[in-house]
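Here's the letter readout for the chains.
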Amino acid sequence: MTNLEIAELLRDVAAAYQLKDQNKYKFQIIAYERAADAVEHATSELKDLWDDGKLEEVPGIGPSIAEHLGELFKTGHSRHFDELMKDIPKEAFKLMELPGIGIKTALRLIAQGEPSEVKKLLKEVEVREKKTKRHLLPYAASTAGFIIDWMKKDKNVIQIDPLGSLRRNVSTIGDIDILAKVKGKSEKVKVIEHFTKYPNSQKTIEAGDTTASILIPGDIQIDLLVSTTEQYGAALQHFTGSKHHNIALREFSLKNGYSLSEKGIREIRNPKHEIRKFKTEKDFYNFLGLDYIEPELREDTGEIEAAKNHSLPRLIELTDVKADLQIHSSFDIETSHDLGASSMEEVVKKADELKYEYIAFTEHNPSQKGHTDFQITEKLKAKKEEVEQINYSIKNMNTKYIRRVFNSLEIDMKSDGSLPVPGEGLNTLDFALVSIHSNFDLPRDVQTKRVMAALSHPRVKIFAHPTGRKLNEREGAELNWPEIFEFCLKNNKWIEINCDPMRLDLPDTLVREAVKLGVKLTFGTDAHHIDGMNNMTFGVSVARRGWCEKTNIVNCLDLKSFEKLLV
DNA sequence: GCCGTTTTCGGCCCGACTGTTTTCAGTCG
């Protein structure tokens, strides 16, 4: 069972409890929903954690749920869950996937609704399941941009910001949330009305005094919140989320006698006292005795504690990046995969525009099929000469920042972890990347050994797009991450944050683990055209979400320090 | 059922919107 399936099951259990005595089981409902959230956010497969006896280390899973899950893993069933859900039709759980339908509505529909009506809804669930794809970050950002432009046409809008997962730079975005600042109450109404008239809107889902939602083509939901200048800080904080961050923040504040909402902060001991208002988020957090928390960190993974202790990281920024360590040029070495579209010269000029000091050319290795080891080595020698030529001509290229290009290679590791490049060929390289392009579904232990074998050659420095996931398309390979991290630390290997918006791999949750352990990371845009080099910003977002400072990233070193690492 | 710089017991986030509810339950973020 995957974590997603387990999370769904736990939510179904919570729903089953809702049908029993609501008051009696109120907290079981909350507990199971929290456990479901925790499972969804876990960095390891739950099954693996159970194998290692570490289920209860997941916050939100205690002795009881751990025991039920253990039984589930061992026998395929949990008697407790089965008993709870035995009288509830399976269709009811399915129907709950539709917005606005909870367990009670679902049961009512099944009990008294037309059977054909229920069938229609179930079909809708199926369609939904197929296209319930979340939107890639750049796509969501540009969609939000269009709506923001539309909203700015209304003179009543003083300021407007994207919110939610978009503002937190999550790799994939569900709904797009937007906050508008207006002067007073009467302007709110006008702005909401203007919003519902967005030319591209298919339907208004809801429209109240302060919030509204519309649906645009592609089944994308846009939520708008309108707030006044006086309350803008509190509203920005509230709507940026994440939900988990806000829950944790409110629990923290309750202990200090404060109740939080999007309107501001209320003192519990003086209920008649007016709500304290905040124009900025910084003021809001500071009032609670916390340092300002960057949106990327607001996931309830220790940021509140760190803000209290003044130990939040100084997050990396795009301008800290001095290099791009995965780029494919059009120099043809008859690769095993796709060639880049831009010449080495074009790439160098683009790198200079981006103010990089150095870059690496990392074409795919020459294909084994159709080449002898000798021929592969010959191809790589030719590439080495070309790179040397580029390095020589950089001095005359009228560039400002770029000083060196490195001769590298993205090597497609074989299923046993050996490399399809002979030793002599490897010796032509300054350093190499290895990555998985086949056999994604090997058992965890086998896959882990494979990767460590591939990383073992002294020329190999980087494990590129390490999970191999493609967002909305395929899950990544299963790896024993603690073991890989330990191997990298011990042998001075680095792990890539691939900046391709479809990959964003290493995922942010694993970046966080790597940072905690001190494993060094690199950025590579994996560009196959100079335009792709602009994707660095998305990799930086992933790094920020993983609590990276610039010291965690190899590409932030200046050229001299980087060269020293290669010796 | 989970969890701990006020607790191993006694707490558990907060408000908005919708519908048929005439005072609130269900659902959502």
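Everything numeric here is computed off the predicted structure, so don't read it as measured data. (Residues numbered from 1 in each chain as written. Chains lettered and ligands numbered in written order. Predicted model: local features only at pLDDT ≥ 70, side-chain atom pairs only at ≥ 80, totals over all residues. Heavy atoms only, no water.)

(A) Representation of the protein's contact with DNA strand B in the model. Around DNA strand B, a shell composed of 38 residues is seen, among which G60, G102, R250, E251 and K263 lie nearest. Between DNA strand B and the protein, one listed contact pairs a phosphate oxygen with a side-chain N or O atom of T105 at 2.7 Å. A distance of 2.4 Å is found between a phosphate oxygen of DNA strand B and a side-chain nitrogen or oxygen belonging to K263. Per-element tally for the surface near DNA strand B: the top contributor is helix α2 (residues 26–41), with five residues. In terms of residue class, the surface near DNA strand B is built from 16 nonpolar, 13 polar and nine charged. (Near = heavy atom within 4 Å. Polar contact = N/O pair within 3.5 Å; in protein donor to acceptor, adjacent residues only side chain to side chain. Helix = DSSP H or I, 4+ residues; strand = E, 2+ residues; numbered from the N terminus. Nonpolar A, V, L, I, M, F, W, Y, C, P; charged D, E, K, R; others polar.)

(B) Up close: the domain arrangement of chain A. Taken domain by domain, chain A consists of domain 1 (3–131), domain 2 (134–312) and domain 3 (318–566). Each partner contributes to the interface: domain 1 provides four residues, whereas domain 2 provides four residues. When domain 1 packs against domain 2, close to 330 Å² is buried across both sides, 37% of that on carbon and sulfur atoms. Counting every contact that joins domain 1 to domain 2 gives one salt bridge. In this structure, R34 and E251 form a salt bridge, with 2.7 Å as the shortest nitrogen-oxygen distance. For the pair domain 1 and domain 2, the number of links is one residue pair in polar contact (both at pLDDT 80 or more). (Domains from an automatic or database assignment. Contact = heavy atoms within 4.5 Å. Buried area = accessible area lost by both parts, 1.4 Å probe. Salt bridge = Lys/Arg side-chain N within 4 Å of Asp/Glu carboxyl O.)

(C) Just the packing of aromatic side chains, in detail. As enumerated under the stated definition, the model contains 17 aromatic pairs in all. An angle of 80 degrees between the planes, with centres 6.0 Å apart, marks the rings of F431 and F562 as edge-to-face. Remark: F562 occurs in helix α23 (residues 559–566) and F431 occurs in the loop between α18 (423–426) and β14 (432–435); sequence separation between them is 131 residues. Just as F431 is buried, F562 falls in that class too. With 5.4 Å between their ring centres and 40 degrees between their planes, W481 and F485 make a pair best called tilted. Of this pair, W481 and F485 both sit in helix α20 (residues 481–491), four residues apart, roughly one helical turn. We classify W481 as buried; its relative accessible area is 8%. (Phe/Tyr/Trp six-rings, centres within 6.5 Å; stacked < 30°, edge-to-face > 60°. Buried < 20%, exposed > 50% of the residue type's maximum accessible area, 1.4 Å probe, protein only.)

(D) Just the UniProt feature "domain: Helix-hairpin-helix DNA-binding motif class" (unreviewed entry) in chain A, in detail. The UniProt entry lists residues 53–72 and 93–112 under the feature "domain: Helix-hairpin-helix DNA-binding motif class" (unreviewed entry), expressed in the numbering used here. Taken end to end, residues 53–72 is 50% helix and 0% strand, and its two terminal C-alpha atoms sit 14 Å from one another. With 65% helix and 0% strand, residues 93–112 has its two end C-alpha atoms placed 17 Å apart. (UniProt positions renumbered as here; feature names shortened; annotations may be inferred.)

(E) Representation of the nonpolar core. Formed by 91 residues in total, the largest nonpolar core has its most connected members in I359, L521 and F523. Looking at this core, the element that brings in the most residues is helix α9 (residues 137–152), giving seven residues. Inspection of this core shows a minimum of three residues originating in each of domain 2 (134–312) and domain 3 (318–566). (Core = buried A, V, L, I, M, F, W, Y, C linked by side-chain atoms within 4.5 Å.)

(F) The arrangement of the sheet that holds strand β15 (residues 460–463) in detail. Read across the sheet, five strands follow the order β13-β14-β15-β16-β17 without closing on themselves; strand pairing throughout is parallel. Here the strands that pair on one side only, and so sit at the sheet edges, are β13 (410–412) and β17 (521–524). Across the sheet, the mean angle separating the axes of adjacent strands is 40 degrees when strand polarity is ignored. Pairing of β15 with strand β16 (residues 494–498), which is carried by two bridges, proceeds in the parallel orientation. Following the sheet pairing, F463 is matched in β16 by I495. (Pairing = 2+ DSSP bridges. Axes fitted to C-alpha atoms, helices over the stretch in contact; angles between N-to-C directions.)

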